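# Observations on the model geometry
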Amino acid sequence: FKGANARFLPTETVTTTLSLFEGRDRMVLYYFGPGHTDGDLVVVFPEKRLAYFGDLFPSKSMPVIDSANGGSYLRLAETLKRAASEITGVTRVVTGHEEGLFAQRDPRAGSVDISTPRTMAWSDIEEYAAFTQEVIAAVRKAIAEGKSVDQAAATLTLPDRYKDYDLRDAGSAIAALYAELKR
């Protein structure tokens, strides 16, 4: 790239891991594959036993997939599973952003700030990886039964352990999954 701002562009690509800094400030960047986009990284702060998942784990809700930028619901499930099994020593996870109960309303603008991250337990990322697999299984079943996207969204049934998940965006996530599975 060229131009006045070219100096701000990255000069190194993370294909698996990249460790930055040392001691208390050390951070490790992990690339496990596509998810929300094809460039999502997990940032681990080993000394703090903390990981930041960004839009790979936005909250306990349906994932948002940016297929125009290489995102894939099917690959997200694999990426999360790999991350949950390969990252060790982490006890807390920072989500990307949260809507619903945790959204903050700006009374001056009348808008919702959906960029409020939340800290969760490591077990929540493991559960979210399983959640994405359960949604895929439910959608595969709906396709096999000949259901439309709308019917699949309306009849989505998941195990009780996901009863507190926000499924308001199920329709768009299921539509993205239908498109992927029918390719």
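As a starting point, this report considers the structure included with it. The structure presented is a predicted model; accordingly, all values stated were derived computationally and were not measured. (Residues numbered from 1 in each chain as written. Predicted model: local features only at pLDDT ≥ 70, side-chain atom pairs only at ≥ 80, totals over all residues. Heavy atoms only, no water.)

## Comments concerning the pattern of salt bridges
Applying the stated criterion across every chain, the model contains seven salt bridges. Note that Arg75 is salt-bridged to Glu78, the shortest N-O span being 3.4 Å. Placement of the pair is Arg75 and Glu78 together in helix α1 (residues 73-86), with a separation of three residues, close to one helical turn. For Arg75, a relative accessible area of 39% corresponds to the partly exposed category. Relative accessible area serves as the criterion here: at 44%, Glu78 is assigned to the partly exposed category. Salt bridges here are not isolated pairs; linked through shared partners, they connect Lys60, Asp124 and Glu127. (Salt bridge = Lys/Arg side-chain N within 4 Å of Asp/Glu carboxyl O. Helix = DSSP H or I, 4+ residues; strand = E, 2+ residues; numbered from the N terminus. Buried < 20%, exposed > 50% of the residue type's maximum accessible area, 1.4 Å probe, protein only.)

## Describing the pairing of strand β3 (residues 42-45)
Along any regular strand, the residues point their side chains to alternate faces of the sheet. Bridge count between strand β2 (residues 27-30) and β3: three bridges; the pairing is antiparallel. Bridging from a neighbouring strand, Leu29 pairs with Val43 of β3. As paired strands, β3 and strand β4 (residues 50-54) are joined by three bridges and run antiparallel to one another. Each residue of the ladder has a partner; that of Val43, found in β4, is Tyr52. The antiparallel pairing of β3 with β4 creates a hairpin that spans four residues between the two strands, and Arg49 there sits at a positive phi of about 55 degrees. (Pairing = 2+ DSSP bridges.)

The values reported here are purely geometric and, on their own, carry no functional implication.
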